[in-house]
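Spelled out from the first residue to the last, the chains are:
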Amino acid sequence: MKVTMKEIAERAGVHPSTVDKVVHHRVGVSDEVRARVQAIINELGYTPNPSGRVLQRQGKVYRISAILVEVDALPYLKKGIERGVKEQTGFDIEITYAVTGFQEAKRQSEYIIKAVEEKADGIILSPINADCVRRAIDRAADAGIPVITTDSDIDGSRRTCCVSIDSARASRIAGRLMGQFLNGNGKIAIISSAIETENNNYYVQMREQGFADFLKVEYPQIEIVSRVESFEDPQITYEKTVQLLAEHPDLRGIYITCGGVAQVGRALIESGRSKDIRVLCYEDYPEIVELMRQGVVDWTLGGEKDEQGALPVKLIMDQLVFGRKPAQDQFFTETRILVKECL
């Protein structure tokens, strides 16, 4: 027979409303009582009735604030978020978007604080790696608002969980691909959004450093001759790539950790060196696919940006409606190695 809240309450010596608070992670219960009730819930294997929760929540408007960054991934994350909303059938979900520039950490923190003050039910965040953003995330956590980071993560904060590609693993895959294609030797360059870790994308920095560390051990004859900061700016990316190609006539490979692949491709085509330099990047956006068809990009690591937008919606709603906190601290989307023949 299914265990009821009333039975749990009787065994714990509390009112059924107290059990309801524990089940749905609400305030108003002492730590001692919460621990006692939770122990009985675990012992009896009680789970709330999902159908009842759905009926109970009908008519409520759930407001989720999506705070994103103006980078190449933006439209694909938005598309995924919209899909995630549609998949939550039976619920009225309102998404509001706030978009900042790549390094506008203060502005991003202000958007988070605004979402807290306006009592958003949940926050989906593409975090900028800065202390003011960490403090804003912690303020949301103090208010009981789940914060799911997407596309990247931020260390040292109390965000709920992260949905992204496994950048540490991807950096090693990238190192292996570059090493094998260059037969273990040659000069290469890394194009990254920003070299400094502060006010940067945490995972972009991880992709860069993990790649360099892997090559140092596995392919020590490959020399990284330049690390280019693009700041996720199309014009800066193009101009710095042109300069890179002029300064290194013997360059054999380019590893792009961030956006701006189209601009790198343009510079390579214009220089006449697109067939001589191996290019490795991330994602399978249309412009990247086209460059692969042209033989400019040799491989890319696809990370399912659509899913990185959709899954956070589900995780937030699972917590708000059913009281189910994410089972993992990090949810990694599939890393797919794509070459021209995959298209």
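Residues numbered from 1 in each chain as written. Predicted model: local features only at pLDDT ≥ 70, side-chain atom pairs only at ≥ 80, totals over all residues. Heavy atoms only, no water.

Asker: Tell me what's going on with the overall build of the protein, and back it up with residues and numbers.
Answerer: Along the protein, the regular secondary structure elements total 13 helices and twelve strands. Dimensions of the protein, computed from the C-alpha atoms along their principal axes, are close to 80 × 35 × 35 Å. A buried classification covers 53% of the 343 residues belonging to the protein. Long-range pairs, those at least 24 residues apart, make up 71% of the contacts in the protein with a sequence separation of at least 6. (Helix = DSSP H or I, 4+ residues; strand = E, 2+ residues; numbered from the N terminus. Buried < 20%, exposed > 50% of the residue type's maximum accessible area, 1.4 Å probe, protein only. Contact = heavy atoms within 4.5 Å.)

Asker: How would you summarise the pairing of strand β6 (residues 186–192) if you had to cite specific residues and measurements?
Answerer: When a strand is regular, its side chains alternate between the sheet's two faces. Across the seven residues of β6, six count as buried, placing the element largely inside the fold. Of the strand pairs in this sheet, β6 and strand β8 (residues 251–256) are connected by five bridges, and their pairing is parallel. Counterpart to Ile191 in the pairing with β8 is Ile256. (Pairing = 2+ DSSP bridges.)

Asker: Outline the packing of aromatic side chains, listing residues and values.
Answerer: In the structure shown here, the tally under the stated rule is six aromatic pairs. An angle of 85 degrees between the planes, with centres 6.0 Å apart, marks the rings of Tyr62 and Phe91 as edge-to-face. Taken together, the residues Tyr62 in strand β1 (residues 61–69) and Phe91 in the loop between α5 (74–87) and β2 (92–100) connect sequence positions 29 residues apart. By the burial criterion, Tyr62 is buried, and Phe91 matches it. When the centroid spacing of 4.5 Å and the interplanar angle of 85 degrees are considered together, the rings of Phe181 and Trp299 count as edge-to-face. (Phe/Tyr/Trp six-rings, centres within 6.5 Å; stacked < 30°, edge-to-face > 60°.)

Asker: Run through the nonpolar core, naming residues and quoting values.
Answerer: Judged by nonpolar contacts, the single largest core of 49 residues is most densely connected at Ile112, Ile123, Leu125, Val133, Ile254, Ile256 and Leu268. Contacts of Leu268, omitting those with residues within four sequence positions, involve Leu245, Ile254, Arg273, Ser274, Ile277, Val279 and Val296. Counting residues in hydrophobic clusters, the runner-up holds 23 residues, among them Tyr62, Ile64, Ala66 and Leu74. (Core = buried A, V, L, I, M, F, W, Y, C linked by side-chain atoms within 4.5 Å.)

Asker: Explain the pairing of strand β3 (residues 122–125) to me, and be specific about the residues and the numbers.
Answerer: Side chains Gly122 and Ile124 of β3 all project onto a buried face; the interleaved residues Ile123 and Leu125 project onto the opposite face, where all are buried too. Judged from the four bridges that link them, β1 and β3 form a sheet pairing that is parallel. When the bridges of β3 are listed, Ser65 appears paired with Ile123. Two strands pair when backbone bridges link them, and β3 and strand β4 (residues 147–150) are joined in this way by three bridges, in the parallel orientation. Looking across to β4, one finds that Ile123 is bridged to Val147. The β-α-β motif built from β3, the intervening helix α7 (residues 131–142) and the parallel element β4 has right-handed crossover chirality. (Right-handed = clockwise from strand over helix to strand, strands pointing away.)

Asker: So, the environment of Arg107: which residues are in play, and what are the values?
Answerer: Of note, Arg107 is situated in helix α6 (residues 105–117). Take Arg107: its relative accessible area is 38%, and that puts it in the partly exposed class. If we ignore the near neighbours within four places in the chain, the residues touching Arg107 are Val99 and Thr100.

Asker: If you had to explain the sheet that holds β8 to someone new, which residues and values would you point to?
Answerer: Pairing within the open sheet is mixed, and its six strands lie in the order β7-β6-β8-β9-β10-β12. Both outer strands of the open sheet, β7 (222–229) and β12 (336–338), are each paired with one neighbouring strand and no more. Recorded for the sheet is a direction-independent mean angle of 20 degrees between the axes of neighbouring strands. As defined by bridge partners, β6 adjoins β7 across seven bridges and the pair is classed as parallel. (Axes fitted to C-alpha atoms, helices over the stretch in contact; angles between N-to-C directions.)

Asker: I'd like a description of the sheet that holds β4, backed by residues and values.
Answerer: In space, the six strands of this open sheet follow the order β2-β1-β3-β4-β5-β11, with parallel pairing throughout. Every other strand in the sheet has two partners, leaving β2 and β11 (330–333) as the edge strands with one partner each. Averaged over all pairs of adjacent strands, the angle between their axes in this sheet comes to 20 degrees, without regard to strand direction. Note: strand β5 (residues 161–165) against β11, four bridges, orientation parallel. Counterpart to Cys162 in the pairing with β11 is Gln330.

Asker: Quick one: what's the story with the side chain of Arg273, residue by residue and with numbers?
Answerer: Along the chain, Arg273 turns up in the loop between α11 (261–271) and β9 (278–282). It turns out Arg273 is buried and unbridged, and the closest side chain with the opposite charge, Asp276, is 5.5 Å from it. Beyond its immediate sequence surroundings of up to four residues, Arg273 is in contact with Leu245, His248, Pro249, Asp250, Leu251 and Leu268. (Lys, Arg positive; Asp, Glu negative; His and termini not counted. Salt bridge = Lys/Arg side-chain N within 4 Å of Asp/Glu carboxyl O.)

Asker: So what's going on with helix α8 (residues 167–181)? Residues and values would help.
Answerer: Between its first and last C-alpha atoms α8 spans 21 Å; for 15 residues at 1.5 Å apiece the expected length is 21 Å, and the two agree. Restricting attention to buried positions, one finds in α8 the residues Ser167, Ala170, Ser171, Ile173, Ala174, Gly175, Leu177, Met178 and Gly179. Looking one or two residues past α8, Asn183 carries a phi angle of roughly 55 degrees, positive in sign. (Expected span 1.5 Å × (residues − 1).)

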